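The residues making up each chain are set out below.
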Amino acid sequence: MIHCQAHSRVILLIIVVSSIFYAKCDYTNHSLPNEDVMTTIQVLKHSPLNLPYGENVTIICKTSLPLSSLWWTVNNNNLTEDNRYILEMESENVNEASGKKIEVSILHIVNVDLRHIGEYTCHAVNERDIDFHKITLNVTLLPNIKRITPTVRVKLHKHVKLHCLAEGFPIGEIFWLKDNKPHLKFKVNVIDELLQNSTLEINELNKKDNGTYMCVANVNGVTANKSSAVLVLDKPQVTIDFVKAIGKSKIFLNWTVNDGNEPDSLHYRISYKGQNETNWYYYQHEIGGYNRSYVLKDEFKNDTEYIIRIMACNSEGDSQYFTTDPVRTLIEDPVFIPTVKATGVTSNSITISWTSPPDDLRDFVHYYQLLSYAINFTDRREAVHLASKENLYMFSDLKAATQYDFQVAACNEYSHQCGPLSTKVNGTTMDGTSGPPGNVTVECKFDNISLTSFVFVTWTAPVNPHGIIISYNVSK
């Protein structure tokens, strides 16, 4: 709206100009045909259609209309300063490119929200002309999943609901994925202009409903997501993958289990019987659900065939038994003691080697435990060496001119136990370069009788001799 004093000639002029203004508004954002006179609006740092929700935004209106006044309207209403807008005016700035004087109006939009959406018009008017520029501003709030139902554990054939609260503007859509595939059965409830709640409901749960559910919100092509899970409780399932006798009274088992989504209550029951027996005997030791392998021991006779079976149990019930083929215990426990020797020596390292097990024991030796320690036991070291590698190992960073003892034990991966240590073998590192002497002093004397000068040099032994000191070299 243009405010003028009551003068008939002025009013007539404004009516004529206004008619030109509205006649052209369908074709351009400017009312004046003169291209040299131009009013423009610029939004700093942001796209006009994607102003960031909650931030401050500045827009600038410039006009080359001489001696003009500037004012703003928003959705055809005059804009006045309040807690949403701050106005700054600058007069007669010079355009560096054209050298022409320009008028500037700076509009600060404070804490952008949905109330700032609309059509903004900057008006420029002087005694003869009027010009304007329009721009449409929109607001974007990037999507955010504020809350989603946490993982739920639920029994078969029950009912479950997953809720997802999404924030954003404008939210184009909210949808769900199950195991990264679209899930079509959900509802969306609009809470307000910024918040929407989506509910995914599953009736009569079955095993196929078990999985990960992702809620996705989309705002102008930008998405946000969070995931939850539905864990359908069920009886566990167990399968024995490997069984092997590793001693005269030890049998190793390894198995795979589906815990039925109830790991906290999972445990196992194991029973066994001789090949020709009809009665099953329960293994007395408790086996917790965290185990995936176990060594059964102390309840078997040597050189005897046994059949093993295992059952997994949780709060939902018991699995079916899984039964192994017969497995025969060994006649004797497999014991191998390596023979060790030192094969290489430097001033700071010693290399050792050891013998391999015979063929009948090779299947029971999976790694070796290596020990090294100085004679005074202040430098004890341990190492593990895989049996699949060459039986050769170098202990490095040792002290020079120092004797070390070495031992090796053969170990079993199934039982995580090692056999007896080998007989000690020793080696002595070579002498190294000595450290410097300590507390070096130099004293000069002159004998007045013989007119002779003397130099006396004293020192103490090096802190790190790295061997036996044979002689010292003193030079000037």
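The coordinates are above.
Residues numbered from 1 in each chain as written. Predicted model: local features only at pLDDT ≥ 70, side-chain atom pairs only at ≥ 80, totals over all residues. Heavy atoms only, no water.

**Regarding the state of the cysteines**
According to the stated counting rule, one finds 3 disulfides in the structure shown. Through a disulfide, cysteine 61 is tied to cysteine 122; the S-S separation comes to 1.8 Å. Taking the sign of the S-S torsion, about -85° here, the bridge from cysteine 61 to cysteine 122 comes out left-handed. Of this pair, cysteine 61 sits in strand β3 (residues 57-63) while cysteine 122 is found in strand β8 (residues 118-125), placing the two residues 61 residues apart along the sequence. On the basis of relative accessible area, cysteine 122 is assigned to the buried category, the value being 0%. With a sulfur-sulfur separation of 1.9 Å, cysteine 411 is cross-linked through a disulfide to cysteine 418. On the sign convention where negative is left-handed, the bridge of cysteine 411 and cysteine 418, at about 100° about the S-S bond, is right-handed. Of note for the protein chain: the bonded cysteines, numbered N- to C-terminal, pair according to 1-2, 3-4, 5-6. (Disulfide = S-S within 2.5 Å. Helix = DSSP H or I, 4+ residues; strand = E, 2+ residues; numbered from the N terminus. Buried < 20%, exposed > 50% of the residue type's maximum accessible area, 1.4 Å probe, protein only.)

**Things to note about the side chain of histidine 116**
With respect to the helices and strands, histidine 116 occurs in the loop between β7 (101-109) and β8. You can call histidine 116 buried: its relative accessible area is 0%. There is a polar contact of 3.0 Å between the side chain of histidine 116 and the backbone nitrogen of aspartate 113. Leaving out residues up to four positions away in the same chain, histidine 116 has contacts with Arg84, Tyr85, Ile109, Val110, Asn111 and Leu137. (Polar contact = N/O pair within 3.5 Å; in protein donor to acceptor, adjacent residues only side chain to side chain. Contact = heavy atoms within 4.5 Å.)

**Things to note about the pairing of strand β36 (residues 425-428)**
Burial along β36 is one-sided: Val425 and Gly427 are buried, and none of Asn426 and Thr428, which face the opposite way, are. Alignment of strand β34 (residues 403-412) against β36, held across 4 bridges, turns out to be antiparallel. When the sheet's bridge partners are listed, phenylalanine 406 is paired in β36 with valine 425. (Pairing = 2+ DSSP bridges.)

**Describing the environment of asparagine 78**
Of note, asparagine 78 is situated in strand β5 (residues 77-78). Along the backbone, asparagine 78 and threonine 121 are 43 residues apart, and their C-alpha atoms lie at a distance of 9.5 Å.

**Comments concerning the sheet that holds strand β30 (residues 350-354)**
Strand order in the open sheet formed by 3 strands is β29-β30-β33, and the pairing between neighbours is antiparallel. This sheet does not close on itself; its edge strands, each paired only once, are β29 (340-345) and β33 (392-395). On average, adjacent strands in this sheet sit at an angle of 30° to one another, irrespective of strand direction. As paired strands, β29 and β30 are joined by 5 bridges and run antiparallel to one another. Bridging across to β30, alanine 342 finds its partner in isoleucine 352. (Axes fitted to C-alpha atoms, helices over the stretch in contact; angles between N-to-C directions.)

**Overview of the nonpolar core**
Among the nonpolar cores identified, the biggest contains 25 residues, and Ile59, Trp72, Leu107, Tyr120 and Leu137 are the most heavily contacted of them. Counting residues per element, the ones that place at least two in this core are β1 (39-43), β3, β4 (69-74), β7, β8, β9 (130-137) and β10 (139-148). Residues within four places of tryptophan 72 in sequence aside, it is in contact with Ile41, Ile59, Cys61, Asn77, Asn78, Leu79, Leu87, Ser105, Leu107, Thr121, Cys122 and His123. (Core = buried A, V, L, I, M, F, W, Y, C linked by side-chain atoms within 4.5 Å.)

**A few points about the sheet that holds strand β20 (residues 250-258)**
Read from one edge to the other, the open sheet built from 3 strands follows the order β19-β20-β24, with strand pairing classed as antiparallel. Each edge of the open sheet is held by one strand with a lone partner, namely β19 (237-245) and β24 (293-297). Direction aside, neighbouring strands of the sheet carry axes that sit 25° apart on average. One ladder, built from 5 bridges, connects β20 with β24; its direction is antiparallel. Paired with asparagine 254 across the strands is serine 293, a residue of β24.

**Topic: the packing of aromatic side chains**
The full count for this structure, using the stated rule, is 15 aromatic pairs. The interplanar angle of 70° and the centroid separation of 6.1 Å between the aromatic rings of tyrosine 272 and tyrosine 306 together place this pair among those described as edge-to-face. Here tyrosine 272, found in strand β21 (residues 267-274), pairs with tyrosine 306, found in strand β25 (residues 305-314); they are 34 residues apart in sequence, far enough to count as distant. Each member of the pair tyrosine 272 and tyrosine 306 is classed as buried. Just above the ring of tyrosine 321 sits the side chain of arginine 309; from NZ or CZ to the centre is 3.9 Å. Geometry around phenylalanine 456 places lysine 445 over its ring, the cationic atom sitting 5.2 Å from the centre. (Phe/Tyr/Trp six-rings, centres within 6.5 Å; stacked < 30°, edge-to-face > 60°. Lys NZ or Arg CZ within 6 Å of the ring centre and 35° of its normal.)

**Observations regarding the side chain of asparagine 126**
By secondary structure assignment, the location of asparagine 126 is in the loop between β8 and β9. At 2.8 Å, the side chain of asparagine 126 forms a polar contact with the backbone oxygen of proline 66. At a separation of 2.6 Å, a polar atom in the side chain of asparagine 126 contacts the main-chain amide nitrogen of aspartate 129. Dropping the residues within four chain positions of it, asparagine 126 is found in contact with Leu65, Pro66, Leu67 and Ser68.

**So, the pattern of salt bridges**
With the rule as written, the count across this model stands at 12 salt bridges. Residue aspartate 303 pairs with arginine 328 through a salt bridge whose shortest N-O separation is 3.3 Å. Linking aspartate 303 in the loop between β24 and β25 with arginine 328 in strand β28 (residues 327-328), this pair joins segments that are 25 residues apart in sequence. Take arginine 328: its relative accessible area is 40%, and that puts it in the partly exposed class. The closest approach of N and O atoms between aspartate 359 and arginine 362, which form a salt bridge, is 3.4 Å. Residue aspartate 359 and its partner arginine 362 are located together in helix α2 (residues 359-362), separated by 3 residues, close to a single helical turn. Among the residues examined, aspartate 359 registers a relative accessible area of 66% and is labelled exposed. Residue classification places arginine 362 among the partly exposed residues on the basis of a relative accessible area of 44%. (Salt bridge = Lys/Arg side-chain N within 4 Å of Asp/Glu carboxyl O.)

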